[in-house]
Amino acid sequence: MTHDIRRSLIVMRWLTLLVAVFLAGPVAAQDWPNRTIRVVVPYPAGGPADFMGRLAAQKMQEKLGATVIVENRSGASGTIGAEMVRQAPADGYTFLAAPSVHVLGRQVVKAVPYDPVGDFTPIARYGEGPLLVLANPAAVQGKTIAEALPAIRKKPEDFRFGLSALGAANHLAVLEFNKLTGLDLQIIPYRGSAPALTDLLSGQVQLMIDPMITAMPLVQGGQLKALAVASAKRSAAMPDLPTAAESGLPGLEFSSWYGVWGPKDLPKEIVARVNAALTEAMREPAVIEKLKGLGFEPVAGTPEEFSRFIANDVKRNAALLASINFQPQ
């Protein structure tokens, strides 16, 4: 075999390999899904992140015609579960369903092993809801923030905030509460809403700001007291509850939001199909009614709109953290 023939064969083999690699992505995307899809929720079962993650998984299963399972991997303010998704192949079989805390990972947690924005593919933001300012009825007097503050100011060492996760919307709301009131109440972090609410009920912590979806039944049952809804307007789910401004603390306006991400470089065809599935689901009357009954609003939008929303959210909340010289914990 001459040198020229041998060189031609080598070139042909390389070209064949390159064509195969080029075609592998679209073919895989066309065949997808053909096995079980895993949705990782980086918080324990029973909290708002789990509820919303399971809703996303259920609707993905219905719309995509594949088996979708939920895997709760909690710890380190959501970074353990998120790291699992980051390390997963970008083949459309592993997704992250997480609250807004995910995008602020590096601002609030030390040594996060990934870039929360750059190392993931944003797919859809599919829900948001107001936060409640909660109190243990036996520990906090008064029906509003204004009525509760005098006793808190008198002995601030007796009042502690329970926190479901560092960097979550409720964490930012607690930081803003301290900033607006001039207080420095101690913040006790937990691994999710469920254990934090348990300690609020028992009086281990006296205050908490948490999504309405988990706290509302406890308020309605009389186990907890809601001092305000931390939003610009009252919630249709609890119309008699005043806003933070009406309760005596103007400027306390935060909401929790929930999204779905994939590993970095997820094929655009898969991103589009998952986004379409969630967008369609969030427009179903039954879903709208269910979420609104829990104080949530369904959200629908493109992956590009989700990316822009993330950029604006990170900018706003990073500025808040910087204004109080917050250090990652």
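Each remark here, short or long, concerns the structure printed above.
Right, let's walk through the structure included here. Just so it is clear, the model here is predicted, and its values are computed rather than measured.

For the rest of this paragraph, the subject is the pairing of strand β7 (residues 207–211). Burial analysis of β7 places five of its five residues in the buried class, the great majority of the element. Sheet topology places strand β4 (residues 120–135) next to β7; five bridges connect them, and they run antiparallel. Note that in β7 the partner of Val-133 across the bridge is Ile-209. As judged from the two bridges shared by strand β5 (residues 160–163) and β7, these two strands associate in the parallel manner. Looking across to β7, one finds that Gly-162 is bridged to Met-208.

On to the packing of helix α6 (residues 169–181) against helix α12 (residues 303–323), then. Contact geometry for α6 and α12: axes closest at 11 Å, N-to-C directions at 45°. On the basis of the axis angle, α6 is oblique to α12. For α6 against α12, the interelement crossing comes out left-handed. The segment α6 lies against α12, with Leu-172, Leu-175, Glu-176 and Lys-179 engaging Asn-317, Leu-320, Leu-321 and Ser-323. Each residue belonging to the contact of α6 with α12 can be placed in one class, and the counts come to four nonpolar, two polar and two charged.

Two numbers describe a pair of packed helices, the interaxial angle and the distance between the axes. As a packed pair, helix α2 (residues 48–64) and helix α11 (residues 285–293) sit with axes 13 Å apart at the nearest point and diverge in direction by 175°. Overall, the two elements α2 and α11 adopt an arrangement that is roughly antiparallel. Across from Phe-51, Met-52, Leu-55 and Lys-59 in α2, the residues of α11 making contact are Val-287, Lys-290 and Leu-291. Of the residues that constitute the contact of α2 with α11, the class distribution is five nonpolar, no polar and two charged.

With 21 residues, α12 ought to run about 30 Å at 1.5 Å a step, and its terminal C-alpha atoms sit 30 Å apart, in line with that. The complete set of buried residues in α12 reads Pro-303, Phe-306, Ile-310, Asp-313, Val-314, Asn-317, Leu-320 and Leu-321. What you see down the axis of α12 is that its buried residues fit within an arc of 130°, all on one side. Of the residues in α12, the exposed ones pointing more than 90 degrees away from the buried face are Asn-312, Lys-315 and Ala-322. Of the surrounding elements, those touching the buried residues of α12 are α4 (105–108), β4, α6, β9 (255–263) and α10 (268–281). Downstream of α12 by a residue or two, Asn-325 has a phi angle that is positive, lying close to 55°.

Our focus in this paragraph is the layout of surface pockets. There is about 330 Å³ of room inside the largest pocket. As for the largest pocket, its lining consists of 16 residues, and the residues nearest its centre are Pro-130, Lys-233, Arg-234, Gly-295 and Glu-297. A total of three residues in the lining of the largest pocket trace back to one element, the largest contributor, which is β4. A breakdown of the residues in the lining of the largest pocket according to their chemical character gives six nonpolar, five polar and five charged. Each pocket or cavity is described by its volume, and for the second largest pocket that value is around 170 Å³. Around the second largest pocket sit 13 residues that line it, and Ser-255, Trp-257, Phe-309, Asp-313 and Arg-316 are the ones nearest its centre. Residue assignment for the lining of the second largest pocket shows that the elements contributing at least two residues are β4, α6, β9 and α12. Considering each element in turn, the lining of the second largest pocket owes the most residues, five residues, to α12.

The next point concerns the side chain of Lys-59. Residue position: Lys-59 is located in helix α2. The class of Lys-59 is buried, set by a relative accessible area of 7%. For Lys-59, the contacting residues outside a window of four places in its chain are Ala-281, Glu-284 and Val-287.

What follows deals with unusual backbone geometry. Note that the residue after Trp-32, namely Pro-33, is joined by a cis bond; omega there is -5°. By the secondary structure assignment, Pro-33 is in the loop between α1 (3–31) and β1 (37–41). Backbone geometry at Ala-111 places phi at a positive 55°, although glycine is not the residue there. By the secondary structure assignment, Ala-111 is in the loop between α4 and β4.

Our focus in this paragraph is empty space enclosed by the protein. All chains considered together, the criterion is met by three cavities of 30 Å³ or more. The calculated volume of the largest cavity comes to roughly 160 Å³. Surrounding the largest cavity, 22 residues form its lining, Pro-48, Ala-49, Pro-99, Ser-164 and Ser-193 being those nearest its centre. If one sorts the elements of the lining of the largest cavity by residue count, helix α7 (residues 193–202) sits on top with three residues. A class-by-class count of the residues in the lining of the largest cavity yields 13 nonpolar, seven polar and two charged. Size it by volume and the second largest cavity reaches roughly 80 Å³. Counting only elements with at least two residues in the lining of the second largest cavity, the list comes to α3 (79–87), β3 (94–99) and α4. When grouped by side-chain class, the residues that make up the lining of the second largest cavity number 10 nonpolar, five polar and no charged.

Parameters at a glance
Residues numbered from 1 in each chain as written. Predicted model: local features only at pLDDT ≥ 70, side-chain atom pairs only at ≥ 80, totals over all residues. Heavy atoms only, no water. Buried < 20%, exposed > 50% of the residue type's maximum accessible area, 1.4 Å probe, protein only. Helix = DSSP H or I, 4+ residues; strand = E, 2+ residues; numbered from the N terminus. Pairing = 2+ DSSP bridges. Axes fitted to C-alpha atoms, helices over the stretch in contact; angles between N-to-C directions. Parallel < 35°, antiparallel > 145°, perpendicular 65-115°, else oblique. Left-handed = near helix turned anticlockwise from the far one by under 90°. Contact = heavy atoms within 4.5 Å. Nonpolar A, V, L, I, M, F, W, Y, C, P; charged D, E, K, R; others polar. Expected span 1.5 Å × (residues − 1). Arc of directions from axis to C-beta. 1 Å grid on protein atoms, 1.4 Å probe; cavity = no way out; pocket = protein on both sides within 12 Å on 5 of 7 lines; lining within 4 Å. Points joined across faces, edges and corners; volume = space filled by probe spheres on them.

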